[in-house]
Amino acid sequence: MKVNTQLLSENFSQQIINRDNINILDLDREEIINQFKSYGFLLFRGFENSVDTFTEFTNSLSKDFMDYTGGVFNRRIINGNATILTVNDFKDEIKLHGEMYYQKDIPLMLWFFCAHPASEDGETILCDGRQLFNELSSPLKELFRNKKLKFLGHLDKERWQTQYKTDDLRVVEQTCKSNNLLLQINEDESIDLQFISPAIHSSRCGKYPTFINSLLPAIHRYKNVVCFDDDSEITDDIVSELNELADRITTEISWKKGDILMVDNTRIMHGRRAFSDNQREIYLRLCSPAFPF
Ligand SMILES: [Fe+2]
């Protein structure tokens, strides 16, 4: 079935709205892939989607689903499938970020499913890291070209056991090694982690320089967990310039039940507005595209 699209915002991207009462599984695969590659994310709205159709649809376009080992948030498993997870378990705002950019192995793409929207607020926000890079001031462009980000983490025993889904420190050692994470094991069996990574990456589609990383939520929530790789401070002025620029070019998704969102995690940063509704249920899959990318 041919894909009907319309602009989601003035900034960028498309949404696919189901006006003809068709099944999402009948959409033209090649057209979805082409739209995804050119815009970086796609919203599918108005389809009769359940968790099962979400699973089948995402399985048809993706591979290498991840179970979030090493991820910093608590997420619930849905339908007994370790690759369908809730988004994190608190209600505060989350600043724009690329998913899992605090380790080497990132999911190249993300899928979100709205099982139940918040009665108000709780919008997911999206920002094109390619556009953000292009609009950065010259001094900031230079700064982020010259200096990498250094992330620091301290995890007590209970936390690393949850985060790495094991009680064996040798398994943690292996995972950290393969993710370029510098690991220090302390006497009380807590661990310290360090990860150095550029703030600017090359997007998979088109290989454009892209501002995508975990800087903004890290520095917003825990001031001392990120600095430059020469240990210099990422100042409030730098963070303000980034947040102001990002706010200008951010698109909001006001969720409707059954919405599916497809995101290029090498180009598009995501986050969300705060909310208070306990019923908000958004699910997440982390994976790679099952098509040339
Ligand atoms: Fe995220």
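Just so it is clear, the model here is predicted, and its values are computed rather than measured. (Residues numbered from 1 in each chain as written. Predicted model: local features only at pLDDT ≥ 70, side-chain atom pairs only at ≥ 80, totals over all residues. Heavy atoms only, no water.)

What is the right way to read the overall build of the chain from this model?
Across its full length, the chain carries 8 helices and 19 strands. On C-alpha atoms alone, the chain measures out to a radius of gyration of 19 Å, which is about the 19 Å that the 2.2 N^0.38 rule sets for 293 residues. Each of the three principal axes of the chain carries a C-alpha extent, and together these read 60 × 45 × 40 Å. Relative to its 293 residues, the chain shows a buried fraction of 55%. Considering only contacts in the chain between residues 6 or more positions apart, those separated by 24 or more positions represent 80%. Summing over all exposed atoms, the chain offers an accessible surface of approximately 13600 Å²; the carbon and sulfur share of this is 44%. Charge separation in the chain, taken as the distance between the mean sites of 34 positive and 45 negative side-chain charges, equals 4 Å. (Helix = DSSP H or I, 4+ residues; strand = E, 2+ residues; numbered from the N terminus. Rg over C-alpha atoms; globule rule 2.2 N^0.38 Å. Buried < 20%, exposed > 50% of the residue type's maximum accessible area, 1.4 Å probe, protein only. Contact = heavy atoms within 4.5 Å. Areas by Shrake-Rupley, 256 points an atom, 1.4 Å probe, with all protein chains shown as cover. Lys, Arg positive; Asp, Glu negative; His and termini not counted. Charge placed at Lys NZ, Arg CZ, Asp CG, Glu CD.)

Teacher, can you tell me more about the sheet that holds strand 12 (residues 191-197) here?
Where strands meet in a sheet, backbone hydrogen bonds hold them as pairs that are either parallel or antiparallel. Judged by pairing direction, the sheet is antiparallel, and its 4 strands sit side by side in the order 11-12-10-15 without closing on themselves. Only two strands of the sheet have a single partner each, and these edge strands are strand 11 (182-185) and strand 15 (226-228). On average, adjacent strands in this sheet sit at an angle of 20 degrees to one another, irrespective of strand direction. Helix-sheet contacts for helix 6 (residues 169-178) involve strand 11 and strand 12, and the interaxial angle to strand 11 is about 160 degrees. (Pairing = 2+ DSSP bridges. Axes fitted to C-alpha atoms, helices over the stretch in contact; angles between N-to-C directions.)

What exactly am I supposed to notice about the packing of aromatic side chains here?
Any aromatic ring pair is given by two values, namely how distant the centres are and how the planes are angled relative to each other. Under the counting rule described, the total for this entry stands at 11 aromatic pairs. The rings of Phe36, Phe291 and Phe293 are connected pair by pair, giving a single aromatic cluster. Arg75 extends its terminal NZ or CZ atom over the ring of Tyr68, reaching a point 4.1 Å from the ring centre. Residue placement shows Arg285 over the ring face of Phe65; its charged tip is 3.8 Å from the ring centre. (Phe/Tyr/Trp six-rings, centres within 6.5 Å; stacked < 30°, edge-to-face > 60°. Lys NZ or Arg CZ within 6 Å of the ring centre and 35° of its normal.)

So what exactly am I meant to see when it comes to the environment of Ile282 here?
Examined against the element boundaries, Ile282 turns out to sit in strand 19 (residues 281-289). Residues Ile282 and Pro117, spaced 165 residues apart in sequence, show a C-alpha to C-alpha distance of 7.4 Å. Non-local contacts of Ile282, meaning those with residues more than four positions away in its chain, are made with Leu85, Thr86, Val87, Phe112, Phe113, Cys114 and Trp255.

What exactly am I supposed to notice about the sheet that holds strand 9 (residues 124-128) here?
Strand order across the open sheet formed by 4 strands is 7-18-9-16, with antiparallel pairing between neighbours. The two strands at the open ends of the sheet, each matched to only one other strand, are strand 7 (94-97) and strand 16 (250-253). Strand-to-strand, the axes of this sheet are offset by a mean angle of 20 degrees, without reference to chain direction. Examined bridge by bridge, strand 9 and strand 18 (residues 268-272) share 5 bridges and lie antiparallel to one another.

Can you help me understand unusual backbone geometry in this one?
Across residues other than glycine, the phi torsion is negative in most instances, and most of the peptide bonds are trans. The phi torsion at Asp64 lies on the positive side, around 50 degrees, for a residue other than glycine. Here Asp64 lies in the loop between strand 4 (62-63) and strand 5 (77-78). Unlike most non-glycine residues, Asp231 shows phi in positive territory, near 70 degrees. Examined against the element boundaries, Asp231 turns out to sit in the loop between strand 15 and helix 8 (236-248).

Before we go on, may I ask you to explain the environment of Arg272 in this structure?
In this structure, Arg272 sits in strand 18. Taking the C-alpha atoms as reference points, Arg272 and His201, 71 residues apart in sequence, are found 22 Å from one another.

Can you walk me through the packing of helix 4 (residues 138-146) against helix 8 in this structure?
In helix packing, the relevant descriptors are the interaxial angle and the interaxial distance, both defined with respect to the helix axes. The interhelical angle for the contact between helix 4 and helix 8, taken along N-to-C directions, is 110 degrees, at an axis separation of 12 Å. With respect to their mutual orientation, helix 4 and helix 8 come out roughly perpendicular. For the pair helix 4 and helix 8, the crossing hand works out as left-handed. Packed against helix 4, whose contacting residues are Leu140, Leu143 and Phe144, the element helix 8 presents Ile238, Glu241 and Leu242 at the interface. Looking at the contact of helix 4 with helix 8 residue by residue, the classes come out as 5 nonpolar, no polar and 1 charged. (Parallel < 35°, antiparallel > 145°, perpendicular 65-115°, else oblique. Left-handed = near helix turned anticlockwise from the far one by under 90°. Nonpolar A, V, L, I, M, F, W, Y, C, P; charged D, E, K, R; others polar.)

Help me understand the nonpolar core, please; the structure alone is not making it clear to me.
Considering soluble globular proteins, one finds that nonpolar side chains tend to be buried as a cluster. Grouped together as the largest cluster of nonpolar side chains are 41 residues, with contacts concentrated most on Phe144, Leu149, Phe211, Leu215, Ile234 and Leu242. Residue contributions to this core peak at 5 residues, all from helix 8. Excluding residues that lie within four positions of it along the chain, Ile234 makes contacts with Leu149, Leu215, Ile219, Val226, Cys227, Phe228 and Val239. With 25 residues, the next largest nonpolar core counts Ile32, Ile84, Cys287 and Phe291 among its residues. (Core = buried A, V, L, I, M, F, W, Y, C linked by side-chain atoms within 4.5 Å.)

Would you mind showing me how to read a negative patch on the surface here?
A surface patch of like charges, here negative, comprises Asp156, Glu158, Glu187 and Asp188. Given the relative accessible area of 55%, Asp188 is considered exposed. (Patch = residues over 30% accessible without salt bridge, like charges linked within 9 Å, V, L, I, M, F, W, Y side chains within 5 Å. Salt bridge = Lys/Arg side-chain N within 4 Å of Asp/Glu carboxyl O.)

Sorry if this is basic, but what is going on with the side chain of Gln163 here?
You can see Gln163 is positioned in helix 5 (residues 157-163). Given a relative accessible area of 6%, Gln163 falls into the buried group. Once residues lying within four places of it in the same chain are set aside, the contact partners of Gln163 are Tyr68, Thr69, Gly70, Gly71, Val72 and Leu155.

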